[in-house]
Amino acid sequence: LAKTTQPISMDSYEGQEVNITCSHNNIATNDYITWYQQFPSQGPRFIIQGYKTKVTNEVASLFIPADRKSSTLSLPRVSLSDTAVYYCLVGDKSRGNTPLVFGKGTRLSVIA
Amino acid sequence: DTAVSQTPKYLVTQMGNDKSIKCEQNLGHDTMYWYKQDSKKFLKIMFSYNNKELIINETVPNRFSPKSPDKAHLNLHINSLELGDSAVYFCASEDRGAVEQYFGPGTRLTVT
């Protein structure tokens, strides 16, 4: 499984765009990149998943360069409620159901 | 309606006791997991069940025994509890080939 590296923490003011970058130098051909969000005292929640280029949903965008050795989760105009830990995961979904391998995540603190 | 539920939410018990945590999902998923999140917030897979069959059993002491009476339920029984078992335990479920896992709210276990 590819190892991921993320910043331990980030601070942002409300209304700003937040970009969290994840490094995954050993990503394999079949690996997808997935991001989860975890609020205090709650289970992780899926945010977005992508394989290459750009993926956008109602919550976030995921940018993946051509070499796929990194990815950037972009949260537009964050609010206080976006304060959470964000996990970047890399894995091969083509092999069927597999457990998620969580790293340390990035603790995002949104300030008013 | 709650997709993945766990009971109890909090569990405080003494060393040496035996306790169980229950998990139920109403999503019709085939695969269920147990994860452990320790005090350092690392989230690690413990077990995986697919259609009531044990698929993954990570390096977990024999004191931990999962049981799946049907594919909607995955319970975790812990014998002879130790201080190091104190953690938050998350149940999750996933549909075959799906993009995301759905996590329960967690059970905070405190062993004194």
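Residues numbered from 1 in each chain as written. Chains lettered and ligands numbered in written order. Predicted model: local features only at pLDDT ≥ 70, side-chain atom pairs only at ≥ 80, totals over all residues. Heavy atoms only, no water.

Draft legend 1. Summary view of the pairing of strand S4 (residues 45–50) of chain A. All names here are of chain A. Most of S4 is tucked away, with 5 of its 6 residues classed as buried. The sheet contact formed by strand S3 (residues 31–38) and S4 spans 5 bridges and is antiparallel. Bridge pairing links Ile33 to Gly50 in S4. The hairpin turn running from S3 into S4, its antiparallel successor, is 6 residues long, and Ser41 in that turn takes a positive phi close to 65 degrees. (Buried < 20%, exposed > 50% of the residue type's maximum accessible area, 1.4 Å probe, protein only. Helix = DSSP H or I, 4+ residues; strand = E, 2+ residues; numbered from the N terminus. Pairing = 2+ DSSP bridges.)

Draft legend 2. Quick peek at the sheet that holds strand S3 (residues 19–25) of chain B. Residue and element names in this part refer to chain B. Pairing is antiparallel across the open sheet formed by 4 strands, whose spatial order is S1-S3-S8-S7. Every other strand in the sheet has two partners, leaving strand S1 (4–7) and strand S7 (64–70) as the edge strands with one partner each. Shown here is a sheet whose adjacent strand axes are inclined to one another by a mean of 20 degrees, direction ignored. Taken together, the 5 bridges between S7 and strand S8 (residues 73–78) define a ladder with antiparallel strand orientation. Following the sheet pairing, Ser65 is matched in S8 by His77. (Axes fitted to C-alpha atoms, helices over the stretch in contact; angles between N-to-C directions.)

Draft legend 3. Summary view of the packing of aromatic side chains. Applying the stated criterion across every chain yields a total of 11 aromatic pairs over all chains. Taking 5.9 Å as the distance between ring centres and 80 degrees as the angle between the ring planes, the aromatic pair formed by Tyr36 of chain A and Phe46 of chain A counts as edge-to-face. On the criterion of sequence distance, the pair formed by Tyr36 of chain A in strand S3 and Phe46 of chain A in strand S4 is long-range, its members being 10 residues apart. In this structure Tyr36 of chain A comes out as buried when scored by relative accessible area, which is 1%. Where Phe90 of chain B meets Phe103 of chain B, the ring centres are 6.5 Å apart and the plane angle is 80 degrees; that geometry is what we call edge-to-face. Here Phe90 of chain B, found in strand S9 (residues 87–94), pairs with Phe103 of chain B, found in strand S10 (residues 102–103); they are 13 residues apart in sequence, far enough to count as distant. A relative accessible area of 2% means that Phe90 of chain B is categorised as buried. Phe103 of chain B gets classed as buried once you look at its relative accessible area, which sits at 12%. (Phe/Tyr/Trp six-rings, centres within 6.5 Å; stacked < 30°, edge-to-face > 60°.)

Draft legend 4. Structural context of the side chain of Ser68 of chain B. Residue and element names in this part refer to chain B. Relative to the helices and strands, Ser68 is located in strand S7. Engagement of the side chain of Ser68 in a polar contact is seen with the backbone oxygen of Asp70, the distance being 3.0 Å. Only 2.9 Å separates the side chain of Ser68 from the backbone oxygen of His73, close enough to count as a polar contact. Setting aside its immediate chain neighbours within four residues, Ser68 contacts Tyr49, Lys52, His73 and Leu74. (Polar contact = N/O pair within 3.5 Å; in protein donor to acceptor, adjacent residues only side chain to side chain. Contact = heavy atoms within 4.5 Å.)

Draft legend 5. Representation of unusual backbone geometry. Omega for the peptide link from Thr7 of chain B to Pro8 of chain B comes to -5 degrees, which places this bond in the cis form. If you trace the backbone, Pro8 of chain B turns up in the loop between S1 and strand S2 (10–13). Despite not being glycine, Ser41 of chain A shows a phi value in the positive range, around 65 degrees. Relative to the helices and strands, Ser41 of chain A is located in the loop between S3 and S4. Notably, Arg68 of chain A is not glycine yet its phi reads approximately 60 degrees, a positive angle.

Draft legend 6. How the structure looks around the pattern of salt bridges. Residues and elements named next belong to chain B. Considering all chains together, one arrives at 3 salt bridges over all chains under this definition. Of the charged contacts, one joins Arg63 and Glu82 as a salt bridge, the two residues approaching to 3.4 Å between their closest N and O atoms. Here Arg63, found in the loop between strand S6 (53–57) and S7, pairs with Glu82, found in the loop between S8 and S9; they are 19 residues apart in sequence, far enough to count as distant. A relative accessible area of 16% places Arg63 in the buried class. Classification of Glu82 by relative accessible area gives partly exposed; the value is 41%. Beyond isolated ion pairs, a larger network of salt bridges with shared partners links Arg63, Glu82 and Asp85. (Salt bridge = Lys/Arg side-chain N within 4 Å of Asp/Glu carboxyl O.)

Draft legend 7. Spatial organisation of the side chain of Thr31 of chain B. Residues and elements named next belong to chain B. Mapped onto the fold, Thr31 is located in strand S4 (residues 31–37). Residue Thr31 is classed as buried on the basis of its relative accessible area of 1%. Polar contacts involving the side chain of Thr31 include one to the side chain of Asn50, which spans 2.7 Å.

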